[in-house]
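Summary of the model geometry
This is what each chain is made of:
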Amino acid sequence: MSNPTFTLAEGQPIANPSVSTTLPTLGGGGITTLGDTLLIETLSHFNQLFMPKLLVRGENSRSPMISLLSRRPISLMAWAKKTPVLFRLSTTGGEKGSADTVRDVRGFSVKFFTEDGNHDIVGNHVPVFFVRDPIRFPSLNRSHKRHPATNRPDWTMFWDFHVNQPESVHALMHLFGSRGIPDSIRRVTGFGVHTFKMVAAGGRFRYCKFHFRPTQSITHFSEQQATRMAGANADFHTQDLWDAISHRQFPAWKLYVQVMEPDQAETYGRALFDITKVWPHKDFPLIEVGQMTLNKNPDNYFAEIEQAAFSPSNMVPGIAMTPDPMLQARMFAYPDAQRYRLGVNYTQLPPNRAICPVYAPFERDGMGTVTRNYGGDPNYVRSTLSPGVPSQVVSDVRHTERIEHNAILAQNEIVVDDEDYIQPRELWNRVFDEIEKRQWVANVSETLGDVPAELKEAVIGMFSKVDPRIGQMIGAKSKSSSRL
Ligand code: HEM
């Protein structure tokens, strides 16, 4: 059989299934549109296929929850407020019931129940992500999960994905480093990862990134300790967090923001919105804005945790999205997945219900309605009979994004270049000490045993661009091990 041409699900041929359609903006961002059928259909199909059976993370969630003591994240003026939160930490690769102590990126989700509605930070425990084009997310996810034929995780599939999408090299440096296996949920970092905006009345804004840092020092398991623990107590992290909270040893995190002024953003280049990159602390120091304390376990895991729905689209006035295509795609994908996983009225379920009054009469009816469903109020906009009034909080806030000069709405790929290797190189040279370097090489080499020779060479080639010594070290390990 000749090689099949890639098409959409209804047969229309496509040239490139790996790039979404965007209108490019300042800072390497892009505006995605609902007209990108390839993106919308790929994400939506993935959401339904993987949920609820093989939920990306929600079903795989690992943590008890919380109520908390935090200052309001939003209006950075309104300090000294306590805001209840719901927290969930999850692994990505395994399914519900799989071992906690695996090498994986942890999801770090916090829902703030504010007076202006819910605000969610749906982040990760490492600061950068593997891809910067949302069309690649379902592929990334599949490449880390089970092979379609063998039904087992598969390193060949994993590395085949990453060498052909080497923008992931920075996240891979973190994944295979000591951070890849936390020894306790209580001591993991949390990153909002994306760039957001803090917007003041009148439209003045600053760009920002969110960071949670545990008040205890950050510690890890070695590969050997983690493997042993995965057999001895697969629910080790879950138990550790539950026990600590029930013994009133409440884990706590400080919440920080990094802030970039719009005029700095003008010249910052594409790392402004690219989530494979960080903003260096030396240029954008961490500013402390609050503390989160986890002080309550759930009374019922399914009701309070399993049914929780976090989404980057949940933002309160004062925090806004940016033209990071990953963020925009997530703002569509999470509620889409949750309508399927939990039903169209999932916002009415106890863990998701806002603590402030809700009046959204244009979203009503549907399976599982548990409210009075707005009685006889008009169900169409612009009715003079409606009791609803406009919000005074948001009506005067307007802000713009800078579309690139001569921008074209198209598949505008940001191709991997030398810049993508700079931050991974700094991590290797300045952050990793010699012990961590050797451990990192051992961790990667361990995965290459059954990978075909050509692919192994490509992996070595990719990491050699970070630093030639990495390639040499993996090569040397390879010679000294019969499996490599
Ligand atoms: C285009 C890129 C992405 C897509 C389409 C995507 C999609 C999804 C979906 C559909 C879920 C399940 C939602 C649910 O059923 O409740 C999920 C879970 C999650 N994702 Fe993503 N994701 C993307 C990138 C990211 C990134 C960059 C991060 C971290 C910064 C992240 C962190 C999480 C976390 C923490 C969860 C679990 C949320 C929870 O606790 O319920 N994802 N993702």
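Residues numbered from 1 in each chain as written. Predicted model: local features only at pLDDT ≥ 70, side-chain atom pairs only at ≥ 80, totals over all residues.

Description of the overall build of the protein chain
Which entries qualify depends on this criterion: Numbering of helices and strands runs from the N terminus, with a helix taken as a DSSP run of H or I at least four residues long and a strand as a DSSP run of E at least two residues long. For this measure, only C-alpha atoms enter the radius of gyration; the expected value for a globule follows 2.2 Å times N^0.38, where N is the number of residues. Exposure criterion: with C-beta atoms placed from backbone coordinates, a residue whose C-beta has 20 or more other C-beta atoms within 10 Å is buried, one with 12 or fewer is exposed, and one in between is partly exposed. Two residues form a contact once the distance between their C-beta atoms, set from the backbone, is within 7 Å.
For the protein chain, the count of helices and strands is 13 helices and 11 strands. The C-alpha radius of gyration computed for the protein chain amounts to 23 Å, which stays within 12% of the reference 23 Å derived for 484 residues, consistent with globular compactness. For the protein chain, the spread of C-alpha atoms along the principal axes amounts to about 80 × 60 × 50 Å. Across the 484 residues in the protein chain, those meeting the buried criterion constitute 39%. In the protein chain, 74% of the contacts between residues at least 6 apart in sequence involve partners at least 24 apart.

Quick look at the UniProt feature "binding site: heme" (unreviewed entry) in the protein chain
Selection rule: UniProt positions are given in the numbering used here, feature names are shortened, and annotations may be inferred rather than shown by experiment.
Using the residue numbers shown here, the UniProt feature "binding site: heme" (unreviewed entry) corresponds to Tyr334. Among the structural elements, tyrosine 334 can be located in helix α9 (residues 325–342). The class of tyrosine 334 is buried, set by 22 C-beta atoms lying within 10 Å. Setting aside its immediate chain neighbours within four residues, tyrosine 334 contacts Phe310, Ser311, Pro312 and Ser313.

Let's talk about the packing of helix α3 (residues 155–164) against helix α12 (residues 453–466)
The test is simple: Only the stretch in contact is used when fitting a helix axis, every axis being a line fitted to C-alpha atoms; angles between N-to-C directions are given from 0 to 180 degrees. Throughout, the term roughly parallel applies to angles under 35 degrees, roughly antiparallel to angles over 145, roughly perpendicular to angles from 65 to 115, and oblique to all others. Crossing handedness is read from the near helix: turned anticlockwise from the far helix by less than a right angle, it gives a left-handed crossing, and turned clockwise, a right-handed one.
Look at α3 against α12: their axes get within 10 Å of each other, and the N-to-C directions meet at 45°. For the element pair α3 / α12, the angle class is oblique. With respect to the hand of their crossing, α3 and α12 are arranged in left-handed fashion. In this structure, α3 contributes Thr156, Trp159, Asp160 and Val163 to the contact, and α12 contributes Leu455, Ala458, Val459 and Met462.

Structural notes on the nonpolar core
Where we set the bar: Core membership is restricted to buried Ala, Val, Leu, Ile, Met, Phe, Trp, Tyr and Cys residues, and these are joined into a nonpolar core through C-beta atoms within 7 Å.
Of all hydrophobic cores here, the largest spans 79 residues; its most connected members are Val128, Phe129, Ala171 and Ile470. When residues of this core are assigned to their parent elements, the largest contribution, 8 residues, is made by α9.

Here's the deal with the pairing of strand β7 (residues 196–199)
Selection rule: When DSSP finds at least two bridges between two strands, those strands are taken to pair.
Relative to strand β8 (residues 205–214), β7 runs antiparallel, the two being bridged by 4 bridges. Of the residues in β8, the one forming a bridge with phenylalanine 196 is cysteine 208. Joining the antiparallel neighbours β7 and β8 is a turn of 5 residues, in which glycine 202 adopts a positive phi near 95°. The pairing of β7 with strand β11 (residues 319–320) spans 2 bridges and is antiparallel.

Section: α3
The criterion, for reference: Relevant arc is that of directions from the helix axis to the C-beta atoms, nothing else.
Buried within α3 are the following residues: Phe158, Trp159 and His162. Viewed end-on, α3 has its buried residues packed into an arc of 85°, placing them on one side of the element. If you follow the buried residues of α3, they end up packed against α2 (137–143), α4 (169–175) and α12.

Quick word on the environment of serine 464
As for its placement among the helices and strands, serine 464 is situated in helix α12. Under the C-beta neighbour-count criterion, serine 464 is labelled partly exposed, with 16 such atoms within 10 Å. Put simply, serine 464 and isoleucine 474 are 10 residues apart on the chain and 9.5 Å apart in space, counted from C-alpha to C-alpha. Excluding residues within four positions of it along the chain, serine 464 makes contact with Ile470 and Gly471.

Considerations on unusual backbone geometry
In this structure, tyrosine 374 takes a positive phi of about 65° despite not being glycine. With respect to the helices, strands and loops of the structure, tyrosine 374 is situated in the loop between α9 and α10 (419–431). A positive phi angle, close to 60°, is found at asparagine 406, a residue other than glycine. Judged by the 6 C-beta atoms lying within 10 Å of it, asparagine 406 falls in the exposed class.

Section: helix α11 (residues 434–446)
Which entries qualify depends on this criterion: The length a helix should cover is 1.5 Å for every residue beyond the first.
Compared with the 18 Å implied by 1.5 Å per residue over 13 residues, the 18 Å span of α11 between its first and last C-alpha is a close match. Looking only at α11, the buried set comprises Trp440, Val441, Val444 and Ser445. Angular distribution of buried residues about the axis of α11 spans 130°; they occupy a single face of the element. On its buried face, α11 sits against α13 (468–480).

Focus: the confidence of the model for the protein chain
The condition that has to hold: Confidence of the predictor at the level of single residues is given by pLDDT, which spans 0 to 100.
Mean pLDDT over the protein chain: 90, with 91% of residues reaching 70 or higher. Predicted confidence is poor over residues 51–79, with pLDDT under 50, and the contacts of this stretch with residues over four places away or in other chains come to 98 contacts.

With respect to the environment of histidine 194
Structurally, histidine 194 can be placed in the loop between β6 (190–191) and β7. Since 22 C-beta atoms lie within 10 Å of it, histidine 194 is described here as buried. With residues near it in sequence (within four places) discarded, histidine 194 still touches Ile275, Asp324, Met326 and Leu327.

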